[in-house]
Amino acid sequence: MVATLSLTQARRIALAAQGLDKGRPAGPVTSRTVGRTFARIQLVQIDSVNVLARSHFLPFFSRLGNYDRAILQQMAGRHPRRMVEYWAHEASFIRPEHFRDLVTWQNRTWVGASAMDPALRSGVTRLVLEALAAGKPMTAAQLTAAIGHVEDRKHGNWGWNWNAVKRVLEHLFEEGVVASASRTDQFERRYALTKDVLPAAALEAAPDPQAAMDRLIDAAAKAHGIGTVRCLADYFRVPMKAAAVSIQHLVDSGRLEPVTVRGWDRTVFRHVDARLPRTATGRALLSPFDSLVFERRRLEELFGFHYRIEIYTPEPKRRFGYYVLPFLLRDRIVARVDLKTDRAGGRLLAKACFGEPDAPADTAVELAAELLLMAEWLGLDEVIVSPAGDLAAAVGSAIHGVGRQYPL
């Protein structure tokens with residue numbers, strides 16, 4: 001018989017799978033702790049927006065609290081790497097063991113050189129690969145200079161005004177020929193040959209496509225705990241039809257089980273390793289790119305929380321702000337806050353705070369404590385709460401109360 005779960009139970013399964021169902025570690029956060037968290041969530045999405053902090057740093061804060069961000073730089077930038085960059089949900093840090101499987105299934109040719117003049121592309125590719133084989137990792141700008149490439153740049157396409165070298169590099173990156181060895185302080189990739197970046201085990205012969213998809217969907221199901229075909233396909237952003245075939249394979253092998261969730265009108269699958277805690281006691285501010293929230297339909301169905309990031313919305317039309325983080329309290333998302341780091345002034349700016357309908361009475365106090373913890377993690381001296389939003393006054397008042405007890 002197919003098990004039936006309440007929506008609350010499904011939420012707790014999802015939170016437990018993501019490591020968000022209970023309080024943070026009490027002691028110092030070590031590289032091993034960070035590594036275990038990464039192994040649990042499988043990937044962290046990369047985004048260039050740095051209004052608060054780089055997006056890939058935030059999921060670890062949400063789950064672990066105050067930790068040293070240098071740990072992630074070491075995991076991604078030193079041998080043996082435990083995080084590598086590739087296309088997954090979007091541009092992401094992934095576990096090395098998923099690299100070859102994702103290369104087999106990803107198809108992002110629009111990002112690179114597929115539309116270039118073939119002769120130009122071939123010539124630039126040869127020079128780039130020769131330069132990388134002979135030297136250390138380099139940025140696109142450094143490689144452009146190293147091979148002596150010159151071209152007239154076009155400026156009609158904001159954000160994608162890449163020269164031929166960058167386009168070739170991104171094409172080679174998508175093919176798995178080159179990889180990101182590290183990032184500069186300006187967040188530029190330093191490219192290297194993939195064989196010089198990834199462990200040898202991650203570079204074995206291309207796997208059977210079906211076996212590769214089975215592994216990716218199994219990993220997605222572990223990370224989600226529970227989800228629909230759409231949820232599981234979206235985690236690594238793989239084709240839905242192929243994902244559906246793998247889901248059936250995993251059901252047949254006993255890795256997934258179909259379940260019914262009250263209020264969810266589609267077939268749902270639960271991973272055999274998924275845990276259902278009796279309660280959820282966690283608290284976290286979640287990045288807009290956190291793996292708990294980046295599939296918006298799933299988020300709304302599980303938590304009743306409608307969420308859109310408004311970075312590209314003109315300011316007068318924004319409802320909640322520019323860089324808005326959902327606030328998770330126990331097993332509900334109870335508020336959202338627009339945050340910005342004032343690095344020069346040493347301040348964390350809460351530009352707006354909004355409570356969700358029926359938010360519990362302790363929402364403001366808990367959010368205040370979370371903001372103070374985030375300020376401490378970011379090395380900031382104080383939290384400033386602007387008056388915008390229905391929760392702002394209560395959060396501002398609580399900040400002062402909590403701050404007296406727990407000075408930064």
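As a reminder, the structure under discussion sits directly above these lines.
How each quantity is defined
Residues numbered from 1 in each chain as written. Predicted model: local features only at pLDDT ≥ 70, side-chain atom pairs only at ≥ 80, totals over all residues. Heavy atoms only, no water. Helix = DSSP H or I, 4+ residues; strand = E, 2+ residues; numbered from the N terminus. Rg over C-alpha atoms; globule rule 2.2 N^0.38 Å. Buried < 20%, exposed > 50% of the residue type's maximum accessible area, 1.4 Å probe, protein only. Contact = heavy atoms within 4.5 Å. Axes fitted to C-alpha atoms, helices over the stretch in contact; angles between N-to-C directions. Parallel < 35°, antiparallel > 145°, perpendicular 65-115°, else oblique. Left-handed = near helix turned anticlockwise from the far one by under 90°. Nonpolar A, V, L, I, M, F, W, Y, C, P; charged D, E, K, R; others polar. Expected span 1.5 Å × (residues − 1). Phe/Tyr/Trp six-rings, centres within 6.5 Å; stacked < 30°, edge-to-face > 60°. Lys NZ or Arg CZ within 6 Å of the ring centre and 35° of its normal.

Caption draft 1: Geometry of the overall build of the protein. Each helix and strand in the protein was counted, giving 14 helices and 14 strands. Computed over the C-alpha atoms, the radius of gyration of the protein is 22 Å, within 12% of the 22 Å expected from 2.2 N^0.38 for a compact globule of 408 residues. Projecting the C-alpha coordinates of the protein onto the three principal axes gives extents of approximately 65 × 60 × 45 Å. Split into buried and exposed, the 408 residues of the protein put 54% on the buried side. Intrachain contacts of the protein at a sequence separation of at least 6 include 67% that bridge at least 24 residues.

Caption draft 2: Structural view of the packing of helix α2 (residues 31–41) against helix α4 (residues 70–77). One can describe the packing of α2 onto α4 by two numbers: an axis separation of 10 Å at closest approach and a directional angle of 65 degrees. Taken together, the axis directions place α2 and α4 in an arrangement best described as roughly perpendicular. In this structure, α2 crosses over α4, and the sense of that crossing is right-handed. Along its contact with α2, which presents Ser 31, Val 34, Gly 35 and Phe 38, the element α4 presents Ile 71, Leu 72 and Met 75. Split by residue class, the contact of α2 with α4 holds five nonpolar, two polar and no charged.

Caption draft 3: Here's a closer look at helix α11 (residues 240–252). Between its first and last C-alpha, α11 extends 18 Å over 13 residues, near the 18 Å set by a 1.5 Å rise per residue. Listed as buried for α11 are Ala 242, Ala 243, Ser 246, Ile 247, Leu 250 and Val 251. Buried residues along α11 sit in contact with α5 (99–105), α9 (209–224), α10 (229–235), β8 (256–261) and β9 (268–271). At the C-terminal side of α11, Gly 254 shows a positive phi close to 85 degrees.

Caption draft 4: Local environment of the packing of aromatic side chains. Evaluated as defined, the whole model comprises 10 aromatic pairs. Taking the centre distance of 4.8 Å and the plane angle of 15 degrees together, the rings of Phe 61 and Trp 377 count as stacked. Linking Phe 61 in helix α3 (residues 58–64) with Trp 377 in helix α13 (residues 363–377), this pair joins segments that are 316 residues apart in sequence. Here Phe 61 matches Trp 377 in class, with each residue buried. An aromatic cluster is built from Phe 38, Phe 60, Phe 61, Tyr 67 and Trp 377, whose rings are joined through pairwise contacts. One cation-aromatic arrangement involves Lys 166 over Trp 162; the distance from NZ or CZ to the ring centre is 5.3 Å. In this structure, Arg 183 is placed above the aromatic ring of Phe 187, and the distance from its NZ or CZ to the ring centre is 4.1 Å.

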